[in-house]
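Each chain is listed here by its residues.
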Amino acid sequence: MLLTQSQAPDFELYATPDQKLKLSSLQGKRVILAFYPADWSPVCSDQMALYNEMLDYFHKANAQLLGISVDGKWCHMSFSADRKLHFPLLADFEPKGAVAKAYGVYNEEIGECKRALFVIDENGTIAWSYLSPVGVNPGADGIMDALEEMDKNKKV
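Definitions and limits used
- Residues numbered from 1 in each chain as written.
- Predicted model: local features only at pLDDT ≥ 70, side-chain atom pairs only at ≥ 80, totals over all residues.
- Heavy atoms only, no water.
- Phe/Tyr/Trp six-rings, centres within 6.5 Å; stacked < 30°, edge-to-face > 60°.
- Lys NZ or Arg CZ within 6 Å of the ring centre and 35° of its normal.
- Core = buried A, V, L, I, M, F, W, Y, C linked by side-chain atoms within 4.5 Å.
- Buried < 20%, exposed > 50% of the residue type's maximum accessible area, 1.4 Å probe, protein only.
- Helix = DSSP H or I, 4+ residues; strand = E, 2+ residues; numbered from the N terminus.
- Contact = heavy atoms within 4.5 Å.
- Arc of directions from axis to C-beta.

Q: How do you make sense of the packing of aromatic side chains when you look at a structure like this?
A: Aromatic ring pairs are described here by two measures, namely the spacing of the ring centres and the angle between the planes. Counted according to the given criterion, the structure contains seven aromatic pairs. Ring centres of W128 and Y130 lie 6.2 Å apart, and the angle between their planes is 10°; this geometry places the pair in the stacked category. Chaining the aromatic ring pairs together yields one cluster made of F11, F35, Y103 and F118. Over the ring of Y106 we find K101, and its NZ or CZ is 4.9 Å from the ring centre.

So, in structure tokens, the structure goes:
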């Protein structure tokens, strides 16, 4: 897993069936990367629903949330619509897990992303990261603490 103060690797992944999103296009904003194992699984569904509820708080902190798994763009589209999610789910589908591998959070044994969180600052540097057990929803407290810490450091 990449360490804090590392430069976040740039990537470009499908956000919809016909549109890609590039991490570097968000420079100047904070970015929350939420890697998760799979759409439709109970823990992932709860985690993404929680983050959907937290979007106002993330936006107030100038942060864009991106969910990432190895599911395909069509699966993401269906999952997002069903769960009424209002943030992009990115398909790390082909080559499978390439972005998760770049961040050190790909589980080769089962072919899924690990449940990992990264908060990236406005300059593309990893400010905070967390690896959660696969069966545990990491919640949003760590993300909020990291965003608040970034605000404190900015004022100093």
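Q: Looking at this structure, how should I read the nonpolar core?
A: Generally speaking, nonpolar side chains in soluble globular proteins are found buried as a group. Of all hydrophobic cores here, the largest spans 24 residues; its most connected members are M48, Y51, F58 and L147. Those elements that place two or more of their residues in this core are strand 3 (30-35), helix 1 (42-53), helix 2 (55-60), strand 4 (63-69), strand 8 (115-120) and helix 5 (141-155). When residues of this core are assigned to their parent elements, the largest contribution, five residues, is made by helix 5. Apart from residues no more than four positions distant in its own chain, L147 is found in contact with R30, I32, F58, A61, A63 and V119. Judged by nonpolar contacts, the second largest core, of 23 residues, contains F11, A116, F118 and I126.

Q: Can you walk me through helix 3 (residues 73-83) in this structure?
A: Each α-helix winds once per 3.6 residues, and so residues spaced three or four apart point in a common direction. Buried residues of helix 3: H76, F79 and S80, and no others. Burial along helix 3 is one-sided: seen end-on, the buried residues are contained in an arc of 100°. The outward face of helix 3, more than 90 degrees from its buried face, is lined by the exposed residues W74 and A81. Elements in contact with the buried residues of helix 3: helix 1, strand 4 and strand 5 (89-91). Positive backbone phi, approximately 55°, marks K84, located one or two places after helix 3.

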